[in-house]
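# Working through the structure, step by step
The primary structure of each chain is shown beneath.
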Amino acid sequence: MTTNTIAYIMAGRRVRQRRWIMVTSILAVLSVALCCAMLMLGNTIYPVQDVLRALAGEKIKGVSFAVNTIRLPRMLAGLLAGFAFGIAGHTFQTMLRNPLANPNVIGITSGSGAAAVFCITMIHASDTVVSIASVAAGLVTTIIIYLLSNNGRTFSIGRLILIGIGIQAMLDSVISYLMLKSAQYDLPAVMRWLSGSLNNSKMNELPPLVVTIVIFAPIIILLGKHLSILELGEQSATSLGVNANKTRVALIVSAVIMISIATSITGPIAFVAFLAGPIAKRLVGAGFSGAIPAGLVGVILVLASDLIGQFAFETRFPVGIITGILGAPYLIYLLIRMNRKGDL
């Protein structure tokens, strides 16, 4: 390899690095701006100085309660859940080399949803029990899908996606059955949870999600290079010295725990995990990990959709309704494109 070739490669890497830094910085600024908007906007619009004084602990009539009790938990829930959904969706799509391979499509969130609906409708469990059950069900669903897609010798991405879609359909049927059998007064709580909502977010629900992100997001980020190598295929990854099975298990466990905890708090906010990865990849380009940009895109999607749902219409809609409206056309477009290319 000549000196000119090395210089050309390094120059290209610097260009891609600058692009990654610039795009990530812009996404971070947009995320902060949306966080500020979540704290300022509501039935009453409060100025920045009043919001800051309330956050600092100063008692201001009306402002302190609205900001600290209602708006701050809602904003933090959207921020944390959006980041978790975004980074987890990116992990699945990159590792499995398929844009359809995200937790919403392959049944993981449906597993959490079925457990939550059962706890709400059949045993009338507390919010804590609902959260624990939804997390456990998400993990169990993932284990079942992984074991069924691994025949002991080789791991099949296509088999995993097909099995996941089948399990999702089965679990969605279970959810429908539970809703038909449930008492009418339980249905509003079920529908609110299933649609994905930041309403009624509480500060005491957020610490598990904070701890989960602090522990598992760095694991995904540190394994970013291995994740990129896995995208080349299992044989290529093995030849390059990557233990494909151990890396895949670490990434799946990290992503599933993050998305299960987030789902237990906000419900399965539709299509955030599905959209964040492709948007981030298009923005930052190739060459560097898209985990952090995908997490930030997830934050922007959740917070922006929640603001739209609150203020853009006469009726207030949960955030999951708005993200569903945004994501459904992209899913149809993706299916049509993959069908034309022969990937389906």
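I will try to describe carefully the structure that is included in this document. In this text, all values refer to a predicted model and were calculated from it rather than measured experimentally.

Taken together, the side chains of V210, V211, V214, I215 and I219 define a hydrophobic patch exposed on the protein surface, amounting to about 390 Å² of accessible area. You can see V214 is positioned in helix α8 (residues 207-222).

Turning our eyes to something else, we now look at the packing of helix α5 (residues 127-149) against helix α11 (residues 244-266). Packing of α5 against α11 brings their axes to within 9 Å, and their N-to-C directions diverge by 150 degrees. Considering the angle they form, α5 stands roughly antiparallel to α11. In this structure, the crossing between α5 and α11 has a hand that is right-handed. Across the interface between the two elements, S131, S134, V135, G138, L139, T142 and Y146 of α5 pack against N245, R248, V249, I252, V256, I257, S260, I261 and S264 of α11. Taken together, the residues that form the contact of α5 with α11 break down as 8 nonpolar, 7 polar and 1 charged.

What follows deals with helix α6 (residues 157-181). Between its first and last C-alpha atoms α6 spans 36 Å; for 25 residues at 1.5 Å apiece the expected length is 36 Å, and the two agree. When α6 is considered as a whole, its buried residues turn out to be I157, L160, I161, I163, G164, I167, Q168, L171, I175 and L178. Those residues of α6 that are buried are in contact with α3 (63-95), α4 (108-121), α5 and α7 (187-195).

One finds F85, F92, M95, L209, I213 and M258 to be the most contacted residues of the largest nonpolar core, which totals 95 residues. The contacts of F92, once residues within four sequence positions are left out, are R97, A101, N102, P103, I106, I108, I252, A255 and V256.

The residue S201 is located in the loop between α7 and α8 in this model. Polar side-chain contacts of S201 include one of 2.6 Å to the backbone oxygen of L198. When residues no more than four places from it in sequence are discounted, the contact partners of S201 are P73, R74 and A77.

Before going further, it helps to spend a moment on the pattern of salt bridges. Under the definition given, this model contains 3 salt bridges. Residue R53 pairs with D50 through a salt bridge whose shortest N-O separation is 3.2 Å. Taken together, the residues R53 and D50, both in helix α2 (residues 48-55) and 3 residues apart, mark about one turn of the helix. Accessibility expressed as a relative area gives 35% for R53, which makes it partly exposed. Looking at D50, the relative accessible area reads 18%, which means it is buried. A salt bridge links D306 to R74, with the shortest nitrogen-to-oxygen separation between them at 2.8 Å.

In this fold, I108 is placed in helix α4. Contact partners of I108, with chain neighbours within four places excluded, come to F92, P103, G138, T141, T142, V256 and I259.

How each quantity is defined
Residues numbered from 1 in each chain as written. Predicted model: local features only at pLDDT ≥ 70, side-chain atom pairs only at ≥ 80, totals over all residues. Heavy atoms only, no water. Patch = residues over 30% accessible without salt bridge, like charges linked within 9 Å, V, L, I, M, F, W, Y side chains within 5 Å. Areas by Shrake-Rupley, 256 points an atom, 1.4 Å probe, with all protein chains shown as cover. Salt bridge = Lys/Arg side-chain N within 4 Å of Asp/Glu carboxyl O. Helix = DSSP H or I, 4+ residues; strand = E, 2+ residues; numbered from the N terminus. Axes fitted to C-alpha atoms, helices over the stretch in contact; angles between N-to-C directions. Parallel < 35°, antiparallel > 145°, perpendicular 65-115°, else oblique. Left-handed = near helix turned anticlockwise from the far one by under 90°. Contact = heavy atoms within 4.5 Å. Nonpolar A, V, L, I, M, F, W, Y, C, P; charged D, E, K, R; others polar. Expected span 1.5 Å × (residues − 1). Buried < 20%, exposed > 50% of the residue type's maximum accessible area, 1.4 Å probe, protein only. Core = buried A, V, L, I, M, F, W, Y, C linked by side-chain atoms within 4.5 Å. Polar contact = N/O pair within 3.5 Å; in protein donor to acceptor, adjacent residues only side chain to side chain.

In short, shape yes, function no, at least from these values alone.
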